[in-house]
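The residues making up each chain are set out below.
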Amino acid sequence: QVQLAESGGGLVQAGGSLRISCTASGGTVSRRAMGWFRQVPGKEREFVATISWSGGITWYSDSVRGRFTISRDNAKNTVILQMNSLTLEDAAVYYCAAGRTEFAPTSVVSGYDYWGQGIQVTVSS
């Protein structure tokens, strides 16, 4: 059973940067696409970014493209989301997710088998 744990969240000023990580345990995610989603109270979970199992394909939502970068280190079972030029609209709970083995990366919530517990990112003005 794969378990995912996010780390690195916190408070940042608008315009600043933050890096959040997701580390897998209980199994390898090296053959799984990985994704980041976010959610604010009262809204559905929203796709942010995804990366193929090889790291060769990345895909971003329109709202973060050009500001966020997703990367992975399969040797460390880790996925990272580097977030730059943060805005108030980026404040949310961010979730890491592991997709199905050897499936293509997807922006759809139902395409992921495992989820982390989420980590808060707060952006102040």
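Here, the structure is the one placed above.
Residues numbered from 1 in each chain as written. Predicted model: local features only at pLDDT ≥ 70, side-chain atom pairs only at ≥ 80, totals over all residues. Heavy atoms only, no water.

Colleague: Help me get a handle on the pairing of strand β11 (residues 119-124), residues and values and all.
Modeller: Of the two faces of β11, only one is covered, namely that formed by I119, V121 and V123; the face formed by Q120, T122 and S124 stays uncovered. Pairing of strand β2 (residues 10-13) with β11 involves four bridges; the strand directions are parallel. Note that in β11 the partner of Q13 across the bridge is S124. Relative to β11, strand β9 (residues 92-101) is paired through three bridges, and the arrangement is antiparallel. (Buried < 20%, exposed > 50% of the residue type's maximum accessible area, 1.4 Å probe, protein only. Helix = DSSP H or I, 4+ residues; strand = E, 2+ residues; numbered from the N terminus. Pairing = 2+ DSSP bridges.)

Colleague: Tell me what's going on with the sheet that holds strand β7 (residues 68-73), and back it up with residues and numbers.
Modeller: Across the sheet, four strands lie side by side as β1-β3-β8-β7; this open sheet has antiparallel pairing. The outermost strands of the open sheet, each flanked by one partner alone, are β1 (3-7) and β7. Within the sheet, the average angular offset between the axes of one strand and its neighbour, ignoring direction, is 15°. As defined by bridge partners, strand β3 (residues 18-25) adjoins strand β8 (residues 78-83) across six bridges and the pair is classed as antiparallel. When the sheet's bridge partners are listed, S21 is paired in β8 with I80. (Axes fitted to C-alpha atoms, helices over the stretch in contact; angles between N-to-C directions.)

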